[in-house]
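Results of the structural survey
Take a look at the letters that make up each chain.
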Amino acid sequence: SNEEAGEGEVLLSNQPRKREPSFLRALLTTFGPYFLIGSFYKLIQDLLSFVNPQLLSILIQFVSNRSAPAWWGFLVAGLMFGCSIIQTLILHQHFQYVFVTGIRLRAGITGVIYRKALVITNSAKRSSTLGEIVNLMSVDAQRFTDLVNFLNMLWSAPMQIILAIYFLWQNLGPSVLAGVALMILLIPLNGAIAMKTRAFQVEQMGYKDSRIKLMSEILSGIKVLKLYAWELSFSQMIEKIRQGELQVLRKMAFLNAVSTFTWFSAPFLVSLITFAVYVSVDDKNILDAQKAFVSLSLFNILKFPLNALPQVISILTQTSVSLKRIQHFLNHEELDPQRLEMRIGFFSAHASQLTLDSWFSLLPTSLNLQVPKGSLVAIVGPVGCGKTSLISALLGEMEKLEGKVAVKGSVAYVPQQAWIQNATLQDNVLFGQPMDQKRYQGILEACALLTDLDVLPGGDQTEIGEKGINLSGGQRQRVSLARAVYSDADIFLLDDPLSAVDSHVAKHIFDHVIGPGGVLGGKTRILVTHGVSFLSQADLIIVLGDGRVSEAGSFSALLQQEGAFAEFLRNYVPDDDNFQEEDSATGISLYTNAICLRIPLSLVSYGLLSHLLLTAMEKGCLGQGEDHCGRLLEISAFLALQVKLSVFWAYAKAVGLCISVTVCFLYTCQSAAAIGANIWLSDWTNEPVINGTQSNTSLRLGVYAALGILQGIFVMMSSFTLAIGGIQAARTLHNNLLANKMHSPQFFYDTTPSGRILNRFSKDIYVIDEVIPPTILMLLGTFFNSASTLVVIMSSTPLFVVVILPLAGLYIFVQRFYAATSRQLKRLESVSRSPIYSHFSETVTGASVIRAYRRSQDFMAISDAKVDANQKSCYPNIISNRWLGIRVEFVGNCVVFFAALFAVIGRQSLNPGLVGLSVSYALQVTLSLNWMVRMASDLENNIVAVERVREYSETKTEAPWVIEGSRPPPDWPHQGEVEFVNYSVRYREGLELVLKNLSLRVKGGEKVGIVGRTGAGKSSMTLCLFRILEAAQGEILIDGVNIASIGLHDLRSMLTIIPQDPVLFSGTLRMNLDPFGKYSDEEMWQALELSSLHKFVGSQPQGLDFECSEGGENLSVGQRQLVCLARALLRKSRILVLDEATAAIDLETDGLIQATIRSQFEGCTVLTIAHRLNTIMDYTRVLVLDKGTIAEFDSPTNLIMARGIFYGMAKDAGLA
């Protein structure tokens, strides 16, 4: 197809010199040949479509000529039927080829994007957010599939137009040119509209991208939004973007109404002008039935290619945008496969100069480093000095400026923030290695995971949610470590794996895994750490400072050098003698974060059938109902088979009932006008000819014109009204969804994968915005079109009533059968589609881990398998469409046959005008009937989006944000006294209590440390204060106010928390500190000063408007933590909760934070969930929790005297 090649050349001609690899050329060579077979069928079908108008002309002659033999008429009717049937069969062969090309294309593009995502560099990844990359796979790949279906129109439309004009010329002579001239004039108009629409579409894509990006950040940081009571500010941001989006949609609707008008009136205007010119040129030109109706049926053939052409061009332009987006992505820098040398011996980084990003300061500036085989190297240094960057360099993730990095043997990598897959715990540990039961158990034991397995509902078969949502931070880190140990590599790169676990666990892990006596004894280990306690056991210690090695050597050597390291130790080690004694060398232990969500989810039974179906789909085999007690996510239920009428009703209400009624009324008027015009024409053609001319031609023309133009005006009005209604509905539905999601309780987010919620905001809202309104428009159009056809045929040949019932019966049967099948297939298709994208986004986040373990191939295979599963439900969908097409067109062909047959039978009583009218109408009914079924089923399938959005707009919400009647006084809480009165709480209905009958009182201004084993309920206590978890019984009083009696925002905005995982949102630093714009710049700088970030922020050219990237990726974890501290300092409330806020911070920064909290929050009540006891040794009291109850509660000194649990912990930490 030349057009295609031409289009390709245009796209590529911008850079004639350097031939970029062309994605288009690759697509053409891969999928071209198969596609051309389909094009061949299309050619034959196009030629056949011109046979019927010729037969119609013979039929009209036959009716006019009373003396012709009857068999002649029956033969013509039979031929018409036969020709239509052959046309139908060939057309569907063509469609089959085209659609199969389409799904192959999509699979191919998805695969290539997936493979690319595994090899792009980090800087390339930064230039497009996760949402945009996933969009390439979902939206842009789909565009290609849509284009392929229309692509043949590029050559077929011009061909049909030329043939139609040729036959018209034979019929009406040169007056056809007038009509053709009008058509040619309309093309630029349509083109202009298409261009404008496309510009709007690009603009709208921009809005959509940014809305979904923001939404996905909101969903991933929802807990933080709730703790800070920031939901309002973020939902306003979303609403603002949405406002812009709807504005663009409204403009598009105007354009669409205009284009519908030209689209609809074009064929009519063309025939009107042609007839007018024809009768006016010469009085002897007589418009008889044969000329008029054969011309009309040819004009009807013209209608389709003329409309399709601009449409194809606009789809082409959209696809070219997608093509450029994909091409841009595929041209991103890739990690150089030679970036690492695999070498024998040890591994060394020779003077490698590495950068994180072209716009980052050179992080490790120049490093020379050699690590002998089998040694344990510890890397220490302050926050942001490039420890993580060094590890990335060894993995080959950094861009190398010069020098070389060589690594011998296989690598295992434990990132600072554990990356957990949405799979069972066992799969996460094995990570594709074969199962070796004995080793596996040993490793779980060494990584201290056995106790956790007892708590998890399904043991190691527990399904872990996205991003490891149902594991605590410490558990995630240990799973990540176990995965590394199990991989049995030669070199282990451990990026601060001990920061997230309790002190005794850290000691256990060091002794059993990392240390000299551990499982990894003889391997090469590089350990980034903030813990001083284990350094004495390292073979080599490297001290980094500002991207350089400031010192290196063994522990004792460094101590004697009296350098930075010795200084560093003096500050952080209780007393020096410990170092010499091996056994108490625990020193200060490391920090942790451990929220433990205990989530035993029994699978909610949605009927055995759908359960088995879904389990089979997810596991690839039928599961036995019982052993899924650990499945985390409630599987999306197959909704009731029949889309309920209530959904249509809900949509109609969202549109506005008044508008809905108006639209139907306008359509009725329009059909009436159309029938009127054609009956008038038929009447005109029967007017007797006197002296070779017809009388009062001008009156005939005038009325014909008036009726036609009226019809066009009705069409325009109805399409405009409908568009306005559609936008109204889109606004209402999105607002309800957003409002509900902002009010959903936290457990909703813990059990629902964010991808599923995001899908509602992207896919479903898109359908409501842009798919449903045009579908309804087409449905109404085709329905009224078909109805008017039947009315016309019945009025001209009343006998037709006899066959209407059987045909209608057949039609309705086919439609119901198809709709039911197609809807289920579509659902299967969408259920199998989500895993592709969630697996993809998981891969993009964990790309460095996947590469480190060299598992890219396996992940590609997994992705391909998921795509295949999706294709399995796409293909039957296509076939079912072919099945439908052939049957519906058969019904249409029967209508043609019977209209012709009854015209032959009743030719004594009929005039040629009526025969022409009824058969030419019948000839176009096939198309209408076909589209009507499709549109009805499409609407039924797409209206599901309304149902899905409604389902998520009506989930249970948390307590109101503000309760007007009972707002606390403005200066509340002034004392900061917290009291728990026999308080119990559980995570969700039907689960165990996490805290059991707590009663305690914290006086205002006290500093209380909360300690206890992982899962003792420490984090739950803080969640209760903020009412993220609502009480099962009992109450919490703050300054005597029962917190359950006031609004959530009133409560949460008065408390301050420094949460465990520091969450940042993409946007300016200013927005991250103060989304409501409450504070002045001075206050913010002061907060930054106190949180010792002012040096970093001051060095940025934008200052407070420094752009944080998605998830705060361009700050180190420590810096993010400091930003959270700055937020707390800005708030300055009476009660501060510290949830292990010092997890990923080195001791120096930690000291800063502790000092800041002591000085700045002096009069405030501070509750600290501590893991490193030295932070709380000087607190007023310490609360020891055990299994959700209070074990001990007293001052630290008294507790140590008491020799209870706390004493044991302090002894482990070398503090007692």
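Our structure's up above, just so we're on the same page.
In short, a report on the structure. Since the model is a prediction, treat every value here as computed from it, not as a measurement.

Attention shifts here to the sheet that holds strand β11 (residues 978-986). The strand order across the open sheet built from four strands is β12-β11-β14-β15, with neighbouring strands paired in antiparallel fashion. Both outer strands of the open sheet, β12 (993-1002) and β15 (1041-1042), are each paired with one neighbouring strand and no more. The sheet contact formed by β11 and strand β14 (residues 1031-1038) spans six bridges and is antiparallel. In the strand pairing of β14, Phe980 is matched with Ile1036. Here helix α30 (residues 1018-1025) sits on the sheet in contact with β11, β12 and β14, set at roughly 70° to β12.

A side chain with one charge can pair with a side chain of the opposite charge if their charged atoms come near. For the coordinates displayed, the defined rule picks out 33 salt bridges. The residue Asp764 makes a salt bridge to Arg948 at a minimum N-O spacing of 2.8 Å. Of this pair, Asp764 sits in helix α25 (residues 754-796) while Arg948 is found in helix α29 (residues 912-953), placing the two residues 184 residues apart along the sequence. The exposure class of Asp764 is buried, given its relative accessible area of 4%. A salt bridge links Glu958 to Arg1052; its shortest N-O distance comes to 3.6 Å. Residue Glu958 is found in the loop between α29 and β11, and its partner Arg1052 is found in helix α31 (residues 1048-1052); the two are separated by 94 residues along the sequence.

α25 packs onto helix α23 (residues 697-743) with a crossing angle of 165° between their chain directions and a minimal axis gap of 9 Å. By the criterion of interaxial angle, the relationship of α23 to α25 is roughly antiparallel. Crossing of α23 against α25: the hand is right-handed. For the pair formed by α23 and α25, the contact residues are Ser719, Leu722, Gly726, Ala730, Leu733, His734, Leu737, Leu738 and Lys741 on the first element and Ile757, Arg760, Phe761, Ile765, Ile768, Asp769, Pro773, Ile776 and Leu777 on the second. Looking at the contact of α23 with α25, its residues break down into 12 nonpolar, three polar and three charged.

With eight of nine residues buried, helix α12 (residues 387-395) lies mostly within the body of the structure. Taken as a whole, α12 has its buried residues at Lys387, Ser389, Leu390, Ile391, Ser392, Ala393, Leu394 and Leu395. One or two residues past the end of α12 sits Gly396, with phi positive at roughly 80°.

A word on the packing of helix α3 (residues 51-64) against α29. Helices that pack against each other are described as a pair by the angle of their axes relative to one another and the distance between those axes. Two numbers describe how α3 lies on α29: the axes approach to 9 Å, and their chain directions differ by 160°. With respect to α29, the element α3 is oriented roughly antiparallel. Judged by the sense of rotation from one axis to the other, the crossing of α3 with α29 is right-handed. Residues Asn52, Leu56, Leu59, Ile60, Val63 and Ser64 of α3 form the contact with α29, whose own contacting residues are Pro912, Val915, Gly916, Val919, Ser920 and Leu923. Residue composition of the contact of α3 with α29, grouped by class: eight nonpolar, four polar and no charged.

Rules and cut-offs
Residues numbered from 1 in each chain as written. Predicted model: local features only at pLDDT ≥ 70, side-chain atom pairs only at ≥ 80, totals over all residues. Heavy atoms only, no water. Pairing = 2+ DSSP bridges. Helix = DSSP H or I, 4+ residues; strand = E, 2+ residues; numbered from the N terminus. Contact = heavy atoms within 4.5 Å. Axes fitted to C-alpha atoms, helices over the stretch in contact; angles between N-to-C directions. Salt bridge = Lys/Arg side-chain N within 4 Å of Asp/Glu carboxyl O. Buried < 20%, exposed > 50% of the residue type's maximum accessible area, 1.4 Å probe, protein only. Parallel < 35°, antiparallel > 145°, perpendicular 65-115°, else oblique. Left-handed = near helix turned anticlockwise from the far one by under 90°. Nonpolar A, V, L, I, M, F, W, Y, C, P; charged D, E, K, R; others polar.

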